[in-house]
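Structural overview for review
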Amino acid sequence: LWSEKMSNIFKMPTQLYDCFIPPPRSPPIAGTAPNGTQSCRNHPGHCYETPYKPFRICLTAEEKVISGRKYETLESHLEGRSPLSVHLKIDSEGTEWAVLERFLASQADQDKVRTLEMEVHFSYVPEGDDSKARRMEESERLESRVRIMERLLENFVCTGTTLEVYREGWKPESE
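This text gives an overview of the structure that appears in the document. (Residues numbered from 1 in each chain as written. Predicted model: local features only at pLDDT ≥ 70, side-chain atom pairs only at ≥ 80, totals over all residues. Heavy atoms only, no water.)

Let us look at empty space enclosed by the protein. On inspection of all chains with the given rule, the structure shows one cavity of 30 Å³ or more. Here the largest cavity is characterised by a volume of approximately 70 Å³. Residue lining of the largest cavity: Trp97, Ala98, Glu101, Asp129, Asp130, Lys132, Ala133, Met136, Arg141, Ser144, Arg145 and Ile148, and that is the complete set. If you list the elements that add at least two residues to the lining of the largest cavity, you get helix H4 (96–104), helix H6 (131–135) and helix H7 (138–152). The element contributing the most residues to the lining of the largest cavity is H7, with four residues. Residue classes in the lining of the largest cavity are distributed as five nonpolar, one polar and six charged. (1 Å grid on protein atoms, 1.4 Å probe; cavity = no way out; pocket = protein on both sides within 12 Å on 5 of 7 lines; lining within 4 Å. Points joined across faces, edges and corners; volume = space filled by probe spheres on them. Helix = DSSP H or I, 4+ residues; strand = E, 2+ residues; numbered from the N terminus. Nonpolar A, V, L, I, M, F, W, Y, C, P; charged D, E, K, R; others polar.)

Below is the structure:
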């Protein structure tokens, strides 16, 4: 896991936010993984050498509760952070587009982020996505999401992708 690497290799404390995975399936979210208490060199499971904090929170463009899940804004979690002090990983199961759009509207928030790693879902429209995206035709939504990615390149550098591997059922070779 990304957060374990940041903890164990770079000795960075991490904050884990996930409202989808059931805690019994995720020792870090359940708070049962070793948490800054030991070396993880010979530990067989999840293990953090630097303390972490788990939160059962999802990200979206506005604070709300959907289907019993608590959603908060990225800017509320960046509040009070210094420039270039945040290593941010976003994997918000489809709500990333509204989150990224608001993030791009704030140069001050962008200035706080040193590295940005993310998993994106180009065609998935979850219940937590903004209503504007939910009303768009798929082609319009895809174009909007590509523009968001292009805007991110104004302040961030792309160093890799697994887009070719994870295509969400899109099979251009057979179409």
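More follows now that the structure is in view.
This paragraph deals with the sheet that holds strand S4 (residues 64–66). Whenever strands of a sheet pair, they do so through backbone hydrogen bonds, lying parallel or antiparallel. With respect to topology, three strands assemble into an open sheet ordered S3-S5-S4, the strand pairing being mixed. Looking at which strands have only one partner, the edges of the open sheet turn out to be strand S3 (58–59) and S4. As judged from the two bridges shared by S3 and strand S5 (residues 69–72), these two strands associate in the parallel manner. Its bridge partner lying in S5, Leu59 is registered against Glu72. (Pairing = 2+ DSSP bridges.)

In this structure, the second largest pocket spans a volume of roughly 1,100 Å³. Taken together, 40 residues make up the lining of the second largest pocket; nearest its centre are Trp2, Gln15, Leu16, Tyr17 and Lys89. Contributing elements (two or more residues each) for the lining of the second largest pocket: helix H1 (2–8), strand S1 (14–17), helix H2 (27–30), strand S2 (52–55), S3, helix H3 (74–78) and strand S6 (86–90). When residues of the lining of the second largest pocket are assigned to their parent elements, the largest contribution, five residues, is made by S6.

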